[in-house]
Amino acid sequence: MEVKIYHNPACGTSRNVLAALREAGYEPQVIEYLKNPPDRATLKELLRRMGKNVRDVLRKRGTPYAELGLENPALKDEEIFAAIEKHPILIERPIVSMGDKAALCRPAETVNDLIARSKT
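The rules behind each value
Residues numbered from 1 in each chain as written. Predicted model: local features only at pLDDT ≥ 70, side-chain atom pairs only at ≥ 80, totals over all residues. Heavy atoms only, no water. Helix = DSSP H or I, 4+ residues; strand = E, 2+ residues; numbered from the N terminus. Polar contact = N/O pair within 3.5 Å; in protein donor to acceptor, adjacent residues only side chain to side chain. Contact = heavy atoms within 4.5 Å. Core = buried A, V, L, I, M, F, W, Y, C linked by side-chain atoms within 4.5 Å. Buried < 20%, exposed > 50% of the residue type's maximum accessible area, 1.4 Å probe, protein only. Pairing = 2+ DSSP bridges. Right-handed = clockwise from strand over helix to strand, strands pointing away. Expected span 1.5 Å × (residues − 1). Axes fitted to C-alpha atoms, helices over the stretch in contact; angles between N-to-C directions.

Thoughts on the side chain of glutamate 92
Its location among the elements puts glutamate 92 in the loop between α3 (77–86) and β3 (95–98). Here the side chain of glutamate 92 touches arginine 59 through a polar contact of 2.7 Å, side chain to side chain. Setting aside its immediate chain neighbours within four residues, glutamate 92 contacts Val57, Leu58, Arg59, Leu104 and Arg106.

Next comes the structure, spelled out in structure tokens:
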């Protein structure tokens, strides 16, 4: 099974999730999403597999979220995707992809549920 983590090594939660994956016997492909952000199609596919919309993975703290006016409910998803393409820091982390499932693993313990679901 292919396992990927969209990771920020400066983030404690992201480091904890990576460690949990390794402790569970997985060696994920580590994608430092700030250096290599997912393209729009990849992000849309991850969202589909998570059952979430783009607003669900927006990071607000430490990002240009407020300055860009992303709290505006009138913004269309495509406008939000465009902002993420310019500012990948807007993606909440870590996102883990396991086979046909994916999850935003915040809090870090969320990865345990994803691991369990991926085994079924």
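And the narrative resumes.
Re the nonpolar core
Membership of the largest hydrophobic core comes to 22 residues, with the highest contact counts inside it found for Met50, Leu70 and Ile84. If we ignore the near neighbours within four places in the chain, the residues touching leucine 70 are Arg55, Leu58, Tyr65, Leu75, Ile80, Ala83 and Leu90.

A short note on the pairing of strand β1 (residues 3–7)
With 4 of its 5 residues buried, β1 lies for the most part within the structure. Inspection of the sheet shows β1 paired to β3 by 4 bridges, in the antiparallel sense. When the sheet's bridge partners are listed, lysine 4 is paired in β3 with serine 97. Taken together, the 4 bridges between β1 and strand β2 (residues 29–32) define a ladder with parallel strand orientation. Residue lysine 4 lies in a different strand from β2, and its bridge partner there is glutamine 29. What joins β1 to β2 is helix α1 (residues 12–23), and the crossover it makes is right-handed.

Some points on α1
Compared with an ideal rise of 1.5 Å per residue, which puts 12 residues at 16 Å, α1 spans 16 Å between its outermost C-alpha atoms and is within 8% of the ideal. For α1, the elements touching its buried residues are β1, β2, β3 and α4 (110–118). Positive backbone phi, at 95°, marks glycine 25, one or two positions downstream of α1.

Things to note about the environment of leucine 68
As for its position among the elements, leucine 68 is in the loop between α2 (40–50) and α3. Not counting the four nearest positions on each side in its chain, leucine 68 is found in contact with Ala83, His87 and Leu90.

Focus: the sheet that holds β1
Read across the open sheet, the 4 strands follow the order β2-β1-β3-β4; overall the sheet is mixed. Each edge of the open sheet is held by one strand with a lone partner, namely β2 and β4 (101–104). Each neighbouring strand pair of the sheet contributes to a mean axis angle of 15°, computed without reference to strand direction. Of the pairings in the sheet, the one linking β3 to β4 comprises 4 bridges and is antiparallel in character. Bridged to methionine 98 within β4 is lysine 101. Where α2 meets the sheet, its contacts fall on β1, β3 and β4, and the angle it forms with β4 comes to roughly 95°.

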